[in-house]
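Observations on the three-dimensional arrangement
One-letter residues, chain by chain:
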Amino acid sequence: MQDPKQLRALGDTVRARIVVLLRERAASTTELAGVLEMPKGTVGHHLKVLERAGLIRVVRTRKVRALTEKFYGRVARLFVLKGDESAPDEFRSGVLAALMLRQAADELLASGGDQDTSAFIHVRLTPERRRRFEQRLNRLVADLQRADDPIGESQALAYALFRAPTPLPPRGDDA
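Keep in mind it's a predicted model, so treat the numbers as computed, not measured. (Residues numbered from 1 in each chain as written. Predicted model: local features only at pLDDT ≥ 70, side-chain atom pairs only at ≥ 80, totals over all residues. Heavy atoms only, no water.)

This paragraph deals with the overall build of the protein. Across its full length, the protein carries six helices and three strands. Ordering the α and β elements of the protein from the N terminus gives α-α-β-α-α-β-β-α-α. Counting over 175 residues, the protein shows a buried share of 21%. Look at the contacts in the protein between residues 6 or more apart in sequence, and 55% of them connect residues 24 or more apart. Only carbon and sulfur atoms are counted for the fraction: they give 54% of the accessible area of the protein, which is about 13,200 Å². (Helix = DSSP H or I, 4+ residues; strand = E, 2+ residues; numbered from the N terminus. Buried < 20%, exposed > 50% of the residue type's maximum accessible area, 1.4 Å probe, protein only. Contact = heavy atoms within 4.5 Å. Areas by Shrake-Rupley, 256 points an atom, 1.4 Å probe, with all protein chains shown as cover.)

Here it is, written out as structure tokens:
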């Protein structure tokens, strides 16, 4: 996914949560408002933004008294976010990765984290070794995507390989 309109739509944490919730099944504005603990009008606004961006669509309707209730579903089971030079300025310089990691952090906290595996490390790599690690990570992500099983439990993976701020240089002899 590289369309600026889609990236902007997912740049909001509420809309990102809605897309995650709709992964398992379609839901109405009322259902989503209940889960998100937000007013239906607010959720309806976010659904319209996602629909205009082409990320969700109305998959069915039903009559409830005199009103028609819409059920929204995702247009794809999997969205792969790609930020590059074609991305809008507000999603460059690590902003897209930071948004995804924030969403992952929110989901991790909400999950209770009783079965998480995590690490945050800093290492020094040559450009060649960094490139090889990036390729390995991309293959692992692709493997995980292929392992998706409709009867399995929902799992999440978040990663970012980035140039870390420069640490303090080694101490000189005069220190």
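Picking up after the structure, the text goes on.
What follows concerns the sheet that holds strand β2 (residues 56-64). The antiparallel open sheet is built from three strands, whose spatial order is β1-β3-β2. Across the chains shown, the open sheet's two edge strands, defined by having one partner strand only, are β1 (27-28) and β2. As judged from the eight bridges shared by β2 and strand β3 (residues 67-74), these two strands associate in the antiparallel manner. Along β3, the bridge assignment pairs Lys 63 with Thr 68. (Pairing = 2+ DSSP bridges.)

This brings us to the packing of helix α3 (residues 29-36) against helix α4 (residues 40-52). The geometry of α3 relative to α4 is characterised by a closest axis approach of 9 Å and an angle of 110° between their N-to-C directions. Comparing the axis directions of α3 and α4 gives the class roughly perpendicular. The two elements α3 and α4 cross, and the hand of that crossing is right-handed. Note on element contacts: α4 touches α3 through Lys 40, Val 43, Gly 44 and Leu 47, opposite Thr 29, Thr 30, Leu 32, Ala 33 and Leu 36. Counted by class, the contact of α3 with α4 contains five nonpolar, three polar and one charged residues. (Axes fitted to C-alpha atoms, helices over the stretch in contact; angles between N-to-C directions. Parallel < 35°, antiparallel > 145°, perpendicular 65-115°, else oblique. Left-handed = near helix turned anticlockwise from the far one by under 90°. Nonpolar A, V, L, I, M, F, W, Y, C, P; charged D, E, K, R; others polar.)

This part covers helix α5 (residues 95-111). With 17 residues, α5 extends 24 Å between its outermost C-alpha atoms, agreeing within 8% with the 24 Å of an ideal straight helix rising 1.5 Å per residue. Directly beyond the C-terminal end of α5, a positive phi value near 90° is found at Gly 112. (Expected span 1.5 Å × (residues − 1).)

The next thing to look at is the pattern of salt bridges. If the charged atoms of two oppositely charged side chains come close together, the side chains can form a pair. Counting across every chain of the model gives eight salt bridges. Taking the shortest distance from any N to any O, the salt bridge between Glu 134 and Arg 130 comes out at 3.0 Å. Of this pair, Glu 134 and Arg 130 both sit in helix α6 (residues 127-146), separated by four residues, roughly a single helical turn. By relative accessible area, Arg 130 is classed as partly exposed at 28%. Between Arg 146 and Asp 143 there is a salt bridge whose closest N-O contact spans 2.3 Å. Highlighted residues: Arg 146 and Asp 143, both in helix α6, separated by three residues, approximately one helical turn. (Salt bridge = Lys/Arg side-chain N within 4 Å of Asp/Glu carboxyl O.)

Bringing the nonpolar core into the picture now. Counting residues in hydrophobic clusters, the biggest one holds 19 residues, and the most contacted among them are Ile 18, Leu 22, Leu 32, Val 43, Leu 47, Leu 50 and Leu 55. For this core, the secondary structure elements donating two or more residues are α1 (4-10), α2 (13-21), α3 and α4. Take this core: its biggest share by element is four residues, from α4. When near neighbours in sequence (up to four residues on either side) are disregarded, Leu 32 contacts Ile 18, Leu 21, Leu 22, Ala 27, Val 43 and Leu 47. (Core = buried A, V, L, I, M, F, W, Y, C linked by side-chain atoms within 4.5 Å.)

Our focus in this paragraph is a positive patch on the surface. Residues Lys 5, Lys 48, Arg 52 and Lys 70 make up a contiguous surface patch of positive charge. Taking the relative accessible area as the measure of exposure, Lys 48 reaches 40% and is therefore partly exposed. (Patch = residues over 30% accessible without salt bridge, like charges linked within 9 Å, V, L, I, M, F, W, Y side chains within 5 Å. Lys, Arg positive; Asp, Glu negative; His and termini not counted. Charge placed at Lys NZ, Arg CZ, Asp CG, Glu CD.)

Glancing now at the confidence of the model for the protein. Averaged over the protein, the pLDDT score is 84; the fraction of residues at 70 or greater is 86%. In the model of the protein, α5 stands out as the element of lowest mean pLDDT, 78, in contrast to α4, which has the highest, 96. (pLDDT = per-residue confidence, 0-100.)

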